[in-house]
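Listed below, chain by chain, are the residues.
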Amino acid sequence: MPRLMFPLVLALAPAALLAQPVTDEAPPAEMAQQVAQATALAEAGGAGPFKADMVSDPALPTHTIYRPRDLAAASRVGKLPIVAWGNGACANYGNRFRYFLTEVASRGYLVLAIGPRGPQVVEWKTDITPNAAPATADRAHYSYSAQLGDAIDWAEAENARKGSPYYGRLDT
């Protein structure tokens, strides 16, 4: 049976903006306060009614998961909608849009972002090059569209698996 996937409209960064290799560094002085505030809000779990966390799952090592901290409380309101997130420009960093995705999850969504967590600099710097560093066993140079399907497949399986923290809580 074909899977019905709802379209998401995403703003994608043009590849031309991705000019510098990824290394951890501090934000420039003119951005430091804004980055510190955004980071503090993300670490606090966002501004929504369900504080959220950015987590990893060994069963989905190619992704980063954003979810309400208290899944039981969030699912009492209703089943959690699932968002499969692609970063654009083939960036393979699950924390690339951490500030935004934490906020979405704090509103009662399960967000599955392509890519494992990368260095903190990818959360605020606009000119990164995802393929500047060598590929490793846990991180490919680029993301690929099939990872969106992998995310949905994982969520459907977790929703059906007894013992999963997501069991029966996802809107699949």
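Here, the structure is the one placed above.
Calculation notes
Residues numbered from 1 in each chain as written. Predicted model: local features only at pLDDT ≥ 70, side-chain atom pairs only at ≥ 80, totals over all residues. Heavy atoms only, no water. Helix = DSSP H or I, 4+ residues; strand = E, 2+ residues; numbered from the N terminus. Buried < 20%, exposed > 50% of the residue type's maximum accessible area, 1.4 Å probe, protein only. Contact = heavy atoms within 4.5 Å. Areas by Shrake-Rupley, 256 points an atom, 1.4 Å probe, with all protein chains shown as cover. Axes fitted to C-alpha atoms, helices over the stretch in contact; angles between N-to-C directions. Left-handed = near helix turned anticlockwise from the far one by under 90°. Nonpolar A, V, L, I, M, F, W, Y, C, P; charged D, E, K, R; others polar. Salt bridge = Lys/Arg side-chain N within 4 Å of Asp/Glu carboxyl O. Expected span 1.5 Å × (residues − 1). Core = buried A, V, L, I, M, F, W, Y, C linked by side-chain atoms within 4.5 Å.

We now examine the overall build of the protein chain. Along the backbone of the protein chain there are 4 helices and 6 strands. In sequence order, the secondary structure elements of the protein chain are arranged as β-α-β-β-α-β-α-β-β-α. Buried positions account for 41% of the 172 residues belonging to the protein chain. Taking as baseline every contact in the protein chain between residues at least 6 positions apart, the subset at least 24 positions apart corresponds to 73%. Here the protein chain displays about 9300 Å² of accessible surface, and carbon together with sulfur accounts for 59% of that area.

Moving on to the packing of helix α1 (residues 29-44) against helix α3 (residues 98-105). Direction vectors running N to C along α1 and α3 enclose 35°, while the axes themselves pass 9 Å from each other. Two packed elements cross with a definite hand, and for α1 against α3 that hand is left-handed. Contacts between α1 and α3 involve V35, A38, T39, L41, A42 and E43 from the former and R98, Y99, T102 and E103 from the latter. Among the residues making up the contact of α1 with α3, the classes are represented as 5 nonpolar, 2 polar and 3 charged.

With that settled, consider α3. Where burial is concerned, most of α3 is hidden: 6 out of the 8 residues are buried. Every buried residue belonging to α3 is among R98, L101, T102, E103, V104 and A105, and all of these are buried.

What follows deals with the pattern of salt bridges. This structure, assessed with the given rule, holds 4 salt bridges. Among the salt bridges present, the one from R98 reaches E43, with a minimum N-O distance of 3.9 Å. Of the two residues, R98 is situated in helix α3 and E43 in helix α1; the sequence distance between them amounts to 55 residues. Relative accessible area serves as the criterion here: at 6%, R98 is assigned to the buried category. Linking R69 and D53 is a salt bridge whose minimum nitrogen-to-oxygen distance equals 2.7 Å. Linking R69 in the loop between β3 (63-68) and α2 (71-77) with D53 in strand β2 (residues 52-55), this pair joins segments that are 16 residues apart in sequence.

With 15 residues, helix α4 (residues 146-160) should reach 21 Å at 1.5 Å per residue; the first-to-last C-alpha distance of 21 Å fits that figure. Residues of α4 that are buried: Q147, G149, A151, I152, W154, A155, E158 and N159. Buried positions along α4 lie against β3, β4 (82-85) and β5 (110-114).

To continue, consider the nonpolar core. Membership of the largest hydrophobic core comes to 15 residues, with the highest contact counts inside it found for L110, L112, W154 and Y166. Per-element accounting of this core gives the leading share, 4 residues, to α4. Residues contacting L112, with those up to four places away along its chain left out, are L60, T64, I65, I82, V83, A84, W85, A151, W154 and A155. Of all hydrophobic cores here, the second largest spans 10 residues; its members include M54, V83, W85 and L101.

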